[in-house]
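Below, each chain spelled out in residue letters.
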Amino acid sequence: MNQDSTVIVTGGAGFIGSTLVRQCLAVGSWSVVTIDKLTYAGNRCSLTEVLDNPRHELVEGDVADAALVAELLKRHRPQAVIHLAAESHVDRSIAGPPQFATTNALGTCVLLDEVTRYWQQLKEAEQQAFRCLLVSTDEVFGSANPDESFDEQSPFAPNSPYAASKAAGEHFARAFSQTYGLPVVVANSSNNFGPRQHPEKLIPKMILHAAAGQSLPVYGDGLHQRDWLHVEDCGDALLEILRAKKPSSRYVIGAENCLTNLHVVELICDFLDELLGDGKNRRKLIASTVDRLGHDRRYAVDAGRLRSETHWLPKIGFEGGLRETVRWYLENPGWVAEVSRREESGPSY
Ligand SMILES: NC(=O)c1ccc[n+]([C@@H]2O[C@H](COP(=O)([O-])OP(=O)(O)OC[C@H]3O[C@@H](n4cnc5c(N)ncnc54)[C@H](O)[C@@H]3O)[C@@H](O)[C@H]2O)c1
């Protein structure tokens, strides 16, 4: 990737995408084209500071719109495509799987098809330098046993419709690489947290409920474990993978912060008590609720390959990052109101 590269980011108005777009624009003089359907999960207000940047263009569109994708590739001639656009909420996938197949499997297939056509007509040196990076999840590996950590060799065992649809997208990526030689790299990230995550997800939901003195519904016994990674560290990892001269075909990304949901919610309560200083004990708001169907017990990843093959190391510790995330939600009620205004009546988290 050169200093003046052009990168297409799909899903750039979402949580990870909006962070990554900012990070890409901070690299030398890269230009960024964001393609985003602006579903309930994608919001212009997540990109406010970069909407007027002359090196950034936000295109409202669907990755499954082959003509649009082809036209954008032809017009912008990118050196890389980073594919994040997806339906991303597990509970919504349980309530309605087909939309997840449409976006995450078919949409990915259409995008890869157009990217392949574009890549095939590049000159040989341009072909070698080109990268397509598919952002996926550790959830494609299913539920980890106690003490087990997923790595690049872990077998697929998706348990939710969301995970199955992401695995399907990954299978297309592999097939396009094997069949046409398209240089695709898959990144399986663990759970991200940080600013601008949609309020339907666990951490923002608990922050906003606890701040408002509302009940904090935690699934089952609350002992399900997730491996938390700050969204800026995830973005840094994706950029390192993009820069790698000879990348492997897959990297798992994680920061070894495997914690129970209950512990995370308790920390959120403690940080809010401390930041708001109102003498309340928000842990009392925690309430067990009926468990999610097919709920994976544990996710944990070993990012050893990423650390050894690139310069990446996570920079943001979990507790410090969580405290700052709590502060961000308290300080940005306008963003919360705008995003919540568009929220359909969805499931809990
Ligand atoms: N957030 C996490 O913890 C996490 C962890 C691992 C992997 N991932 C993956 O990273 C990617 C981004 O996740 P996120 O948390 O930012 O999700 P998100 O839901 O916040 O953002 C998804 C974005 O994709 C857009 N989008 C949806 N369908 C589209 C379509 N057909 N065409 C164009 N745009 C479309 C939405 O408008 C939204 O802006 C997803 O592929 C997700 O599977 C997320």
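Residues numbered from 1 in each chain as written. Predicted model: local features only at pLDDT ≥ 70, side-chain atom pairs only at ≥ 80, totals over all residues. Heavy atoms only, no water.

K.L.:
Looking at this structure, I do not really get the pairing of strand β5 (residues 131-137). What am I missing?
P.N.:
Two faces, one strand: in a regular strand the side chains alternate between the faces of the sheet. Counting buried residues in β5 gives seven out of seven residues, a clear majority hidden from the surface. Covered by surrounding structure in β5 are Arg131, Leu133, Val135 and Thr137 together with Cys132, Leu134 and Ser136, the residues of both alternating faces. As paired elements, strand β4 (residues 80-83) and β5 share four bridges and run parallel to each other. Residue His83 lies in a different strand from β5, and its bridge partner there is Leu134. (Buried < 20%, exposed > 50% of the residue type's maximum accessible area, 1.4 Å probe, protein only. Helix = DSSP H or I, 4+ residues; strand = E, 2+ residues; numbered from the N terminus. Pairing = 2+ DSSP bridges.)

K.L.:
Sorry, what's going on with the site of the ligand here?
P.N.:
By nearness alone, 28 residues border the ligand, and Asp36, Ser88, Tyr162, Lys166 and Asn192 come closest of all. Contacts to the ligand include Asn192, whose backbone N or O atom sits 2.8 Å from an oxygen atom. Taken by itself the ligand offers 840 Å² of open surface, and the protein chains cover 96% of this. Mapped by element, the contributors of at least two residues to the shell around the ligand are α1 (15-25), β5 and α6 (161-180). It is β5 that provides the largest number of residues to the shell around the ligand, a total of three residues. Its residues assigned to classes, the shell around the ligand shows 11 nonpolar, 13 polar and four charged. (Near = heavy atom within 4 Å. Polar contact = N/O pair within 3.5 Å; in protein donor to acceptor, adjacent residues only side chain to side chain. Areas by Shrake-Rupley, 256 points an atom, 1.4 Å probe, with all protein chains shown as cover. Nonpolar A, V, L, I, M, F, W, Y, C, P; charged D, E, K, R; others polar.)

K.L.:
What is the right way to look at the confidence of the model for the protein chain in this model?
P.N.:
In low-pLDDT regions, the fine details of the predicted coordinates are not to be read closely. In the predicted model, the protein chain carries a mean pLDDT of 95, and the fraction of residues at 70 or more is 98%. Confidence over residues 345-349 falls short of pLDDT 50; this stretch has 18 contacts with residues more than four positions distant or in other chains. (pLDDT = per-residue confidence, 0-100. Contact = heavy atoms within 4.5 Å.)

K.L.:
Help me out: how do you make sense of helix α12 (residues 333-341) in this one?
P.N.:
Each α-helix winds once per 3.6 residues, and so residues spaced three or four apart point in a common direction. Those residues of α12 not exposed but buried are Trp335, Val336 and Val339. What you see down the axis of α12 is that its buried residues fit within an arc of 100 degrees, all on one side. Opposite the buried face of α12, by more than 90 degrees, sit the exposed residues Pro333 and Arg341. Contact partners of the buried residues in α12: α7 (202-211) and α11 (318-331). (Arc of directions from axis to C-beta.)

K.L.:
Sorry if this is basic, but what is going on with the sheet that holds β5 here?
P.N.:
Two orientations exist for strands paired in a sheet by backbone hydrogen bonds: parallel and antiparallel. Read from one edge of the open sheet, seven strands run β3-β2-β1-β4-β5-β6-β11, paired in parallel fashion. Only two strands of the sheet have a single neighbouring strand rather than two, namely β3 (56-60) and β11 (250-253). Taken pair by pair, the neighbouring strands of this sheet meet at an average axis angle of 20 degrees, ignoring direction. Here β5 pairs with strand β6 (residues 184-189) via six bridges, running parallel. In the strand pairing of β6, Cys132 is matched with Val184. Set on the sheet, α6 makes contact with β5, β6 and β11; between it and β5 the angle comes to about 155 degrees. (Axes fitted to C-alpha atoms, helices over the stretch in contact; angles between N-to-C directions.)

K.L.:
Whenever I open this one, the side chain of His224 confuses me. Can you help?
P.N.:
Here His224 lies in the loop between β8 (216-219) and β9 (225-227). Judged by its relative accessible area of 2%, His224 falls in the buried class. Here Asp291 takes part through its side chain, which lies 3.3 Å from a polar atom of the side chain of His224. A distance of 3.3 Å separates a polar atom in the side chain of His224 from a polar atom in the side chain of His295.

K.L.:
Just checking my understanding: could you explain the layout of surface pockets for this structure?
P.N.:
Empty space among the atoms can be located by rolling a probe the size of a water molecule over them. In this structure, the second largest pocket occupies an estimated 270 Å³ of space. Surrounding the second largest pocket, 14 residues form its lining, Arg174, Val184, Val186, Ser249 and Arg250 being those nearest its centre. If you list the elements that add at least two residues to the lining of the second largest pocket, you get α6 and β6. With six residues, the single largest contributor to the lining of the second largest pocket is α6. A class-by-class count of the residues in the lining of the second largest pocket yields four nonpolar, five polar and five charged. (1 Å grid on protein atoms, 1.4 Å probe; cavity = no way out; pocket = protein on both sides within 12 Å on 5 of 7 lines; lining within 4 Å. Points joined across faces, edges and corners; volume = space filled by probe spheres on them.)

K.L.:
Just to check I follow, could you spell out the nonpolar core for this structure?
P.N.:
Most often, soluble globular proteins keep nonpolar side chains buried together rather than apart. Of all hydrophobic cores here, the largest spans 37 residues; its most connected members are Val9, Leu20, Ile82, Leu133, Leu238, Ile241 and Ile253. Ranked by residues supplied to this core, first place goes to helix α8 (residues 231-243) with seven residues. Every residue in contact with Val9, bar those within four places of it in the chain, is listed here: Leu20, Val21, Val32, Val33, Thr34, Ile35, Ile82 and Leu84. Core analysis: the second largest hydrophobic core is formed by 26 residues, Leu72, Val81, Leu111 and Leu122 among them. (Core = buried A, V, L, I, M, F, W, Y, C linked by side-chain atoms within 4.5 Å.)

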